[in-house]
Amino acid sequence: WSEKLWKHAAIYVNPEVAGGGGISQAQGIAGFTNGEAFRVGQPAPAFYLARLFIQQTIALSEKRISIGENANEAYKTKPEKYIDLIFGKFSNADYFDKNSFSHDPRTQFLNWSLMSNGAWDYAANVRGYTVGGIIEYGTENFSWRTGLTLLPLQANGNDLNFKISKARAWVTEIEKRFLINKRKTIIRLLAYHNTANMGNYNQAVLQLESPDITKTRANGRTKYGIGINAEQDLNNGIGIFARSSWNDGKNESWAFTEIDRSVSLGMQFEGYRWKRPKDTFGVGTVLNGISKEHQSYLAAGGLGFIIGDGRLNYKNEFATEIYYKANLFSDTFFLSPNIQYVNNPGYNKDRGPAFLGAIRVHIQF
């Protein structure tokens, strides 16, 4: 639901109902295989407020461009040159690290490390939402955006920490749009810096008893990292994408998942070639890794909030995903079979490979 307020301003409200749980309580794979699975421990459907925010656009040019019928867009056009101010409850993934071919687990890839830069420990509660503010400057071919948002009180927790002097997340992204051989190209560069009550991997390993990262938590600990995200249109409805990300990996993973290095690559094919223009076929692969400090902690018997086997025969986690989104019966109904292959789940060479299948139903209203 959205409502225009005053000139170039609107309020947006998104209630959601969600339930269920991931395989093995969404544990055991760092690049988990279902982007719609939350670790809330509540399989029964529950109602909650996903988004409640105000957006103010400041026009910097007379010319306006069409933005079409998009979700959470009260206006059908936008100034070609503008400043956007957003404040309230939202998902950082709504504004940062977007990609036309690999971003939305409801319609594209399901794997966590394909829908986003895996090493971006992006600020969110367990359902993927946070509270804060974003400022964005945009022109026809360039955007810069930065945000300050809240982190959860506990690692991967549901309650946010409103003491911003002790816990906060900064993220900034530069996006450049241009043409190569008359085909759309987009490159995004992202950097982030989180501060929270994190544990430290090296301190945990030094414990006399079995290492427990939660016993080393201290205010003021940080995690920082960078990411690059690129997409390229090719001919006949084909697009390719790639991401690469890194974080320092010294302190505890706090909000997203336990990935400190990640590289992904994939392609999307629209069904024009086989006369089904609303269908989509996608294939993507991702290689995830963790820092030496993180490896030592898991090898000593430590557990994170999503992975840990009591020991570790380390090797990078590797996953490949294939999906086909078929438009059936009406323009608003889609059925998507999905297959994933995961080797060395949880970075453990002694585990896997695992094959996982899924069927996704998507209905638009």
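Before any of the text, the structure's been laid out above.
None of the values given here were measured: they were computed from a predicted structure. (Residues numbered from 1 in each chain as written. Predicted model: local features only at pLDDT ≥ 70, side-chain atom pairs only at ≥ 80, totals over all residues. Heavy atoms only, no water.)

A. Spotlight on the overall build of the protein. Check the secondary structure of the protein and you find 3 helices and 17 strands. For the protein, the C-alpha radius of gyration of 21 Å lies close to 21 Å, the compact-globule estimate for 365 residues. Across its three principal directions, the C-alpha atoms of the protein cover 65 × 50 × 45 Å. For the protein, with 365 residues in total, the buried portion stands at 50%. When contacts within the protein are restricted to residue pairs at least 6 apart in sequence, long-range pairs at least 24 apart make up 67% of them. (Helix = DSSP H or I, 4+ residues; strand = E, 2+ residues; numbered from the N terminus. Rg over C-alpha atoms; globule rule 2.2 N^0.38 Å. Buried < 20%, exposed > 50% of the residue type's maximum accessible area, 1.4 Å probe, protein only. Contact = heavy atoms within 4.5 Å.)

B. Representation of the environment of Glu-36. By secondary structure assignment, the location of Glu-36 is in the loop between strand 2 (9–18) and strand 3 (46–59). In sequence terms Glu-36 and Ser-2 are 34 residues apart; their C-alpha atoms lie 24 Å from each other. Apart from residues no more than four positions distant in its own chain, Glu-36 is found in contact with Pro-105 and Arg-106.

C. Fine view of the packing of aromatic side chains. Counted under the stated rule, the structure contains 19 aromatic pairs. Here the aromatic rings of Phe-32 and Trp-112 are separated by 5.5 Å at their centres, their planes lie at 65°, and the arrangement is edge-to-face. Here Phe-32, found in the loop between strand 2 and strand 3, pairs with Trp-112, found in helix 1 (residues 112–115); they are 80 residues apart in sequence, far enough to count as distant. Residue class for Trp-112 comes out buried when judged on its relative accessible area of 7%. Between Trp-274 and Tyr-324, the ring centres sit 6.3 Å apart and the planes meet at 35°, which makes this aromatic pair tilted. (Phe/Tyr/Trp six-rings, centres within 6.5 Å; stacked < 30°, edge-to-face > 60°.)

D. Representation of the pattern of salt bridges within the structure. According to the stated counting rule, one finds 17 salt bridges in the structure shown. With its nearest N and O atoms 2.8 Å apart, the salt bridge here joins Arg-51 to Asp-94. Placement of Arg-51 in strand 3 and of Asp-94 in the loop between strand 6 (82–90) and helix 1 is noted, with a sequence separation of 43 residues between them. The class of Arg-51 is buried, set by a relative accessible area of 14%. Asp-94 gets classed as partly exposed once you look at its relative accessible area, which sits at 22%. In this structure, Glu-173 engages Arg-145 in a salt bridge whose closest nitrogen and oxygen atoms are separated by 2.7 Å. Taken together, the residues Glu-173 in strand 9 (residues 168–180) and Arg-145 in strand 8 (residues 142–149) connect sequence positions 28 residues apart. Overall, the relative accessible area of 4% leaves Arg-145 in the buried class. Residues joined by salt bridges that share partners form a network here, namely Glu-136, Arg-145, Glu-173, Glu-175, Arg-177, Arg-188 and Glu-231. (Salt bridge = Lys/Arg side-chain N within 4 Å of Asp/Glu carboxyl O.)

E. Expanded view of the nonpolar core. Ranked by internal contacts, the top residues of the largest apolar core, which has 52 residues, are Tyr-95, Phe-96, Trp-120, Leu-151 and Tyr-347. Only strand 2, strand 6, helix 1, strand 9, strand 10 (183–196), helix 2 (201–205), helix 3 (292–299) and strand 15 (317–327) provide two or more residues apiece to this core. Non-local contacts of Tyr-95, meaning those with residues more than four positions away in its chain, are made with Phe-53, Gln-55, Ile-86, Phe-90, Ile-134, Arg-145 and Glu-173. (Core = buried A, V, L, I, M, F, W, Y, C linked by side-chain atoms within 4.5 Å.)

F. Expanded view of the pairing of strand 16 (residues 333–343). Bridge count between strand 15 and strand 16: 8 bridges; the pairing is antiparallel. If you follow Phe-318 over to strand 16, its bridge partner there is Asn-343. Once strand 15 ends, the chain turns through 5 residues before running back antiparallel as strand 16, passing Phe-329 with a positive phi of about 70°. Pairing of strand 16 with strand 17 (residues 354–363), which is carried by 10 bridges, proceeds in the antiparallel orientation. (Pairing = 2+ DSSP bridges.)

G. Up close: the side chain of Arg-177. With respect to the helices and strands, Arg-177 occurs in strand 9. You can call Arg-177 buried: its relative accessible area is 18%. Polar contacts involving the side chain of Arg-177 include one to the main-chain carbonyl oxygen of Glu-140, which spans 3.4 Å. There is a polar contact of 2.7 Å between the side chain of Arg-177 and the side chain of Glu-175. (Polar contact = N/O pair within 3.5 Å; in protein donor to acceptor, adjacent residues only side chain to side chain.)

H. Just a nonpolar patch on the surface, in detail. A surface patch of nonpolar side chains, about 680 Å² in accessible area, is lined by Ile-58, Leu-60, Leu-85, Ile-135, Trp-144, Ile-174, Ile-187, Leu-189 and Ile-228. Residue class for Ile-228 comes out partly exposed when judged on its relative accessible area of 39%. (Patch = residues over 30% accessible without salt bridge, like charges linked within 9 Å, V, L, I, M, F, W, Y side chains within 5 Å. Areas by Shrake-Rupley, 256 points an atom, 1.4 Å probe, with all protein chains shown as cover.)

I. Focus on the side chain of Glu-293. Within the element layout of this structure, Glu-293 appears in helix 3. Not counting residues within four places of it along the chain, the set of residues in contact with Glu-293 comprises Tyr-201, Asn-202, Gly-249 and Lys-250.

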